[in-house]
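These are the residues of each chain, in order.
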Amino acid sequence: MTGNGGHDPVNAISEAAATGVVAETFADIRRTMGIPLITSIWRTLVAVDGGLDATWRATRPLYRTGQPEAALAALVARAELPEPGVPVGRLEAAGVAPEERATIQAILDVYNRSNGINFLALTALVTAPAGEPSDYPSAPPLPEWPELPRLLEQHDIAPATWDLLLAVNGFGASPGESGLATLWRHLAPWPGLLGVIHDGLEPMQASGAIDRAIGQVMEIAAVEGARLAHHRAGPLELPAAARAMIANYVTNPGLVARMVTLGHGVTGWLRRA
């Protein structure tokens, strides 16, 4: 289990490698979405000729309405999210110092925001409008993000921790899924945290509770996405390969829906400490 399995999609460019128009688009995505990093769907779309530019031009107006983040807050409030069934107090015994909790929470918040509003806005992109157009009150302004620790590569991570990452990554994953969700890799500096999360979620995986929660999140997202689709600006023109990639991203329960479900579940658990 310590081989090369569990990685970003093979066609995903890193932010550091982006240049020219791609780098400029990434910068606009970060500004518009209010995030300090680019998650894999945007980096993977670079591999489709015209995919990144066309998708961002189509989706940017949706983000500018503020409705995706408001719809995400509604989703989180309605869903029964799986929280690790262990005391948060175990973290300190597992080597997580109290002063490190703020950094861990910031990492979770960044990925939860990015994954969540991508999930809803991109669902709206490939879904026919239905229901009443979303009209949520505007979300409050975001605080400044703290500087996040560097995202470690596999060669920077101890083999035992890498195995633990892959084990956590298996919760809610689709059969045959080899991609390692970047959120878990960003938490690699805290193997004790990952161990506690693993122990807390493992019984929920075995009972099917995680899969049921992902299913509920997908049902809510489908409704919210159809309401958001009313806000699309004009006819949708996407390369066929980009549209297929996005449709798979939002309808495969083992992809972004899984990380929205688990990321917010872990956050709720951590915040109730």
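That block above? That's the structure.
Given the structure is predicted, the values throughout are model-derived calculations rather than measurements.

What follows is about the overall build of the chain. Looking only at helices and strands, one finds twelve helices and zero strands in the chain. Starting at the N terminus and ending at the C terminus, the chain contains elements arranged as α-α-α-α-α-α-α-α-α-α-α-α. Computed over its C-alpha atoms, the radius of gyration of the chain comes to 18 Å, within 12% of the 19 Å expected for a compact globule of 273 residues. Structurally, the chain occupies a C-alpha span of about 55 × 40 × 40 Å along its principal axes. Counting every position in the chain, which comprises 273 residues, the buried fraction comes to 50%. Sequence-distant contacts in the chain: of pairs separated by 6 or more residues, those separated by 24 or more amount to 86%. Split by element, the accessible area of the chain, about 12,100 Å² in all, is 54% carbon and sulfur. Charged side chains in the chain number 19 positive and 27 negative. The centres of these two groups are separated by 4 Å.

Throughout the structure, instances matching the rule amount to two aromatic pairs. Measuring from ring centre to ring centre gives 5.4 Å for W42 and W56, while their planes differ by 90°; the resulting arrangement is edge-to-face. With W42 in helix α2 (residues 40-45) and W56 in helix α3 (residues 51-64), the pair connects residues that are 14 residues apart, well separated along the chain. The buried category is assigned to W42, whose relative accessible area is 0%. Taking relative accessible area as the criterion, W56 reaches 4% and is therefore assigned buried. Members of the aromatic cluster, connected to one another through ring pairs, are W42, W56 and Y63.

Checked against the element boundaries, R64 lands in helix α3. R64 sits in the exposed class, given a relative accessible area of 61%.

Our next topic: the nonpolar core. Within soluble globular proteins, side chains that are nonpolar tend to cluster in buried spots. By size, the foremost hydrophobic cluster in this structure holds 81 residues, and its most contacted members are W42, F119, W184, L187, L193 and W269. Counting residues per element, this core draws most heavily on helix α6 (residues 101-125), at 13 residues. For L193, the residues in contact, after removing those within four places along its chain, are L91, V96, I104, L187 and W269.

To continue, consider the pattern of salt bridges. Inspection of the entire model under this criterion finds eleven salt bridges. Here R57 ties to D53 by a salt bridge, and the two come within 2.9 Å at their closest N and O atoms. Residue R57 and its partner D53 are located together in helix α3, separated by four residues, close to a single helical turn. A residue is classified by how much of its surface remains accessible, and R57, at 53% relative accessible area, is exposed. A relative accessible area of 38% places D53 in the partly exposed class.

As for its position among the elements, D28 is in helix α1 (residues 20-33). With a relative accessible area of 15%, D28 lands in the buried category. For the pair D28 and R60, spaced 32 residues apart in the sequence, the C-alpha separation amounts to 9.2 Å. Not counting residues within four places of it along the chain, the set of residues in contact with D28 comprises W56 and R60.

Criteria and thresholds
- Residues numbered from 1 in each chain as written.
- Predicted model: local features only at pLDDT ≥ 70, side-chain atom pairs only at ≥ 80, totals over all residues.
- Heavy atoms only, no water.
- Helix = DSSP H or I, 4+ residues; strand = E, 2+ residues; numbered from the N terminus.
- Rg over C-alpha atoms; globule rule 2.2 N^0.38 Å.
- Buried < 20%, exposed > 50% of the residue type's maximum accessible area, 1.4 Å probe, protein only.
- Contact = heavy atoms within 4.5 Å.
- Areas by Shrake-Rupley, 256 points an atom, 1.4 Å probe, with all protein chains shown as cover.
- Lys, Arg positive; Asp, Glu negative; His and termini not counted.
- Charge placed at Lys NZ, Arg CZ, Asp CG, Glu CD.
- Phe/Tyr/Trp six-rings, centres within 6.5 Å; stacked < 30°, edge-to-face > 60°.
- Core = buried A, V, L, I, M, F, W, Y, C linked by side-chain atoms within 4.5 Å.
- Salt bridge = Lys/Arg side-chain N within 4 Å of Asp/Glu carboxyl O.

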